[in-house]
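These are the residues of each chain, in order.
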Amino acid sequence: MFNLILFGPPGSGKGTQSEKLIAKYGLKHLSTGDLLRSEIANQTPLGVEAKKLMDKGQLVPDEVVIGMISSALDTNPEAKGFLFDGFPRTAAQAEALDKLLELKKTSIAVMLALNVTEEELVKRLMKRGETSGRSDDTNENVIRARITEYHNKTAVVADYYKNFDKVVMVKGEGTVNDIFSSLSAEIDTRI
Ligand code: B4P
């Protein structure tokens, strides 16, 4: 099994690159952002609560997203590997993920971390907000709040995996195809 974390701040290209990587490597894509937006679209109690936080640019509680990932792992026993996109986003989520994978006798092979400047992140998300219908992309204050959450709570997740020598930084600016080639090269040496 080959398990990969695609890491980076909001708007760094995780979702964009994940689509291409799962097509190339046949991994199962687990995006907590997508899972939460599906709960919102279905107006579940979890979705209603999550939307309130997401609209303010804040993270959803750890136990909620850990529960979602745990059941997604259980419902995909045949997967040849997982691509985690937008998860883990806190140190507690990282520790929980390690335990869940250990139960399945597997682990994270590598974290690929996309590096993008803050001004480029804001520009991309504002542009996506023109068409995405995502309420968290339309307001610059909310976008900046998401980036602040990233610095306060999520950046430490890279330090967690650095302890195990599993982090590779990848330049996240340039064309989508060039970034995809850089990510693929890193995967090819490990898969
Ligand atoms: P996510 O859905 O994970 O949203 P994101 O970080 O904004 O998206 P992503 O980084 O994938 O966007 P992409 O670069 O692909 O999270 C949304 C919210 O859900 C969070 O704020 C939080 O509230 C909640 N949440 C999710 N997971 C959670 C967790 N684990 N714990 C707690 N809360 C959680 O795309 C950005 C734009 O850039 C696109 O328009 C794309 O076309 C463009 N782009 C991509 N690559 C480009 C390039 N090379 N050049 C130019 N533009 C590019």
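Relevant structure appears above.
As a convention, each chain's residues are numbered from 1 in the sequence order in which they are written. Restriction of local features to residues with pLDDT of at least 70 applies here, the model being predicted, together with a cutoff of 80 or more for giving and counting side-chain atom pairs; totals for whole chains, interfaces and linings are based on all residues. The side-chain values count all of the structure's non-hydrogen atoms but skip hydrogen atoms and water molecules.

Trainee: Please explain the site of the ligand as it appears in this structure.
Mentor: Think of it this way: one heavy atom of a residue within 4 Å of a molecule or strand is enough to make that residue near it. Within the structure, the ligand sits among 30 residues, and Gly13, Lys14, Thr32, Gln58 and Arg146 are positioned closest to it. Residue Gly11 places a main-chain N or O atom 3.0 Å away from an oxygen atom belonging to the ligand. We call two N or O atoms a polar contact when they sit within 3.5 Å, provided that within protein one can donate a hydrogen and the other can accept it, with sequence-adjacent residues counted only if both atoms are side-chain atoms. One of the side-chain nitrogen or oxygen atoms of Arg128 is found 3.1 Å away from an oxygen atom of the ligand. Areas reported as accessible are Shrake-Rupley estimates using a 1.4 Å probe. Residue values count occlusion only from the protein chains shown. The fraction of the free accessible surface of the ligand (990 Å²) that becomes covered by protein chains is 87%.

Trainee: I'm lost on the sheet that holds strand S2 (residues 28-31) in this one. Help?
Mentor: Adjacent strands of a sheet pair through backbone hydrogen bonds, lying either parallel or antiparallel. A sheet is described by the order of its strands in space; here five strands give the open sequence S2-S3-S1-S4-S5, paired in parallel fashion. In this open sheet, the two strands that pair with only one neighbour each are S2 and strand S5 (167-171). Each strand axis lies, on average, 20° off the axis of its neighbour in the sheet, ignoring direction. In this scheme, strands are said to pair when DSSP sees at least two bridges between them. A run of DSSP states H or I qualifies as a helix once it reaches four residues; a run of E qualifies as a strand once it reaches two. Both are numbered from the N-terminal end. Both strand S1 (residues 4-7) and strand S3 (residues 82-85) contribute to a ladder of three bridges, which runs parallel. Paired with Ile5 across the strands is Phe84, a residue of S3. Angular values range over 0 to 180 degrees, each being the angle between N-to-C directions of two axes fitted as lines to C-alpha atoms, with helices fitted over their stretch in contact.

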